[in-house]
Amino acid sequence: MANMKPLTIIVYSGAAAGLAVLGVAMAKTNPSQVEYEEYAVQRLTEYLKTDVCKKTTNLIENLIRFNCDKLVDSANPQIQEIIARTTERQNYIIFSIYRTDLKINSWIPSYKFETVGAFDQFYTYTAEKE
């Protein structure tokens, strides 16, 4: 029984050191606001190209669709600017939560996104059309 106490101390010390290393690694890989904006532009661009550009049906929309992908690509700087203006970041040092309320005008539906960023990755856990 006397040997259990040093073993317990070693185990707890190892666990604490492991958690400290994990915390430092998470803090160093907590993505920035700019990285989130790039991620969000990429995701929104993919959505526009696959769900908006490709799902048009009537003749006029088919004519517009012809250049839709190019139009979306050319709008990337404006899309990033809109995302930057409509995003709030909560930085918790080891990870961040990004909340984007994307509302362009009254004719286009608005969307709300919530994304967590950690380990240089993003995971969007809420995407709602409002």
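Residues numbered from 1 in each chain as written. Predicted model: local features only at pLDDT ≥ 70, side-chain atom pairs only at ≥ 80, totals over all residues. Heavy atoms only, no water.

*Asks:* Any details on the overall build of the protein? Residues and values, ideally.
*Replies:* For the protein, the count of helices and strands is five helices and four strands. In the protein, the succession of α and β elements from N to C terminus is α-α-α-α-α-β-β-β-β. Counting every position in the protein, which comprises 130 residues, the buried fraction comes to 25%. When contacts within the protein are restricted to residue pairs at least 6 apart in sequence, long-range pairs at least 24 apart make up 46% of them. Accessible surface, the protein: about 9300 Å² in total, of which carbon and sulfur atoms supply 63%. (Helix = DSSP H or I, 4+ residues; strand = E, 2+ residues; numbered from the N terminus. Buried < 20%, exposed > 50% of the residue type's maximum accessible area, 1.4 Å probe, protein only. Contact = heavy atoms within 4.5 Å. Areas by Shrake-Rupley, 256 points an atom, 1.4 Å probe, with all protein chains shown as cover.)

*Asks:* Help me get a handle on the packing of aromatic side chains, residues and values and all.
*Replies:* Under the criterion given, the structure shown has eight aromatic pairs. Through a chain of ring-to-ring contacts, the aromatic side chains of Tyr36, Tyr39, Tyr98 and Phe122 assemble into a single cluster. (Phe/Tyr/Trp six-rings, centres within 6.5 Å; stacked < 30°, edge-to-face > 60°.)

*Asks:* Summarise the sheet that holds strand 2 (residues 96-102); cite the residues concerned and give the values.
*Replies:* Strand order in this open sheet of four strands is 1-2-3-4, and the pairing throughout is antiparallel. Edge positions in the sheet fall to strand 1 (87-91) and strand 4 (121-129), since each has one partner strand and no second. Each adjacent strand pair in this sheet contributes to an overall mean axis angle of 15°, direction not counted. Sheet topology note: the strand 2/strand 3 (residues 111-118) ladder contains seven bridges and is antiparallel. By the bridge assignment, Thr100 is partnered in strand 3 with Phe113. Against the sheet, helix 5 (residues 76-86) touches strand 1 and strand 2, its axis set at about 115° to strand 2. (Pairing = 2+ DSSP bridges. Axes fitted to C-alpha atoms, helices over the stretch in contact; angles between N-to-C directions.)

*Asks:* Could you give an account of helix 5, naming the residues involved and the relevant values?
*Replies:* Turning to helix 5, its buried residues number three or more, namely Ile79, Ile82, Ile83 and Thr86. Taken around the axis of helix 5, the buried residues stretch over an arc of 100°, which confines them to a single face. Exposed and facing more than 90 degrees away from the buried side of helix 5 are Pro77, Glu81 and Arg85. (Arc of directions from axis to C-beta.)

*Asks:* Give a detailed account of a nonpolar patch on the surface, specifying residues and quantitative values.
*Replies:* Taken together, Leu19, Leu22 and Phe119 make up a surface patch of nonpolar side chains, about 310 Å² in accessible area. With respect to the helices, strands and loops of the structure, Phe119 is situated in the loop between strand 3 and strand 4. (Patch = residues over 30% accessible without salt bridge, like charges linked within 9 Å, V, L, I, M, F, W, Y side chains within 5 Å. Salt bridge = Lys/Arg side-chain N within 4 Å of Asp/Glu carboxyl O.)

*Asks:* Provide a residue-level description of the confidence of the model for the protein, including the pertinent values.
*Replies:* Note that predicted coordinates carrying low pLDDT should not be read in detail. Of all residues in the protein, 82% attain a pLDDT of 70 or more, and the chain-wide mean is 82. Of all helices and strands in the protein, the one with the weakest mean pLDDT is helix 3 (residues 59-65) (57), whereas strand 1 scores best (96). (pLDDT = per-residue confidence, 0-100.)

*Asks:* Give a detailed account of the pattern of salt bridges, specifying residues and quantitative values.
*Replies:* Side chains carrying opposite charge are able to pair once their charged atoms draw close together. With the rule as written, the count across this model stands at three salt bridges. Residue Arg85 pairs with Glu81 through a salt bridge whose shortest N-O separation is 3.1 Å. Linking Arg85 with Glu81, this pair stays in helix 5, spanning four residues, or about one helical turn. Accessibility classification places Arg85 together with Glu81 in one group, the exposed group.

*Asks:* Give a description of the environment of Ala118 that names residues and reports values.
*Replies:* You can see Ala118 is positioned in strand 3. Along the sequence, Ala118 and Ala27 sit 91 residues apart, while their C-alpha atoms lie 8.3 Å from each other. Not counting the four nearest positions on each side in its chain, Ala118 is found in contact with Thr29, Pro31, Ile94 and Phe95.

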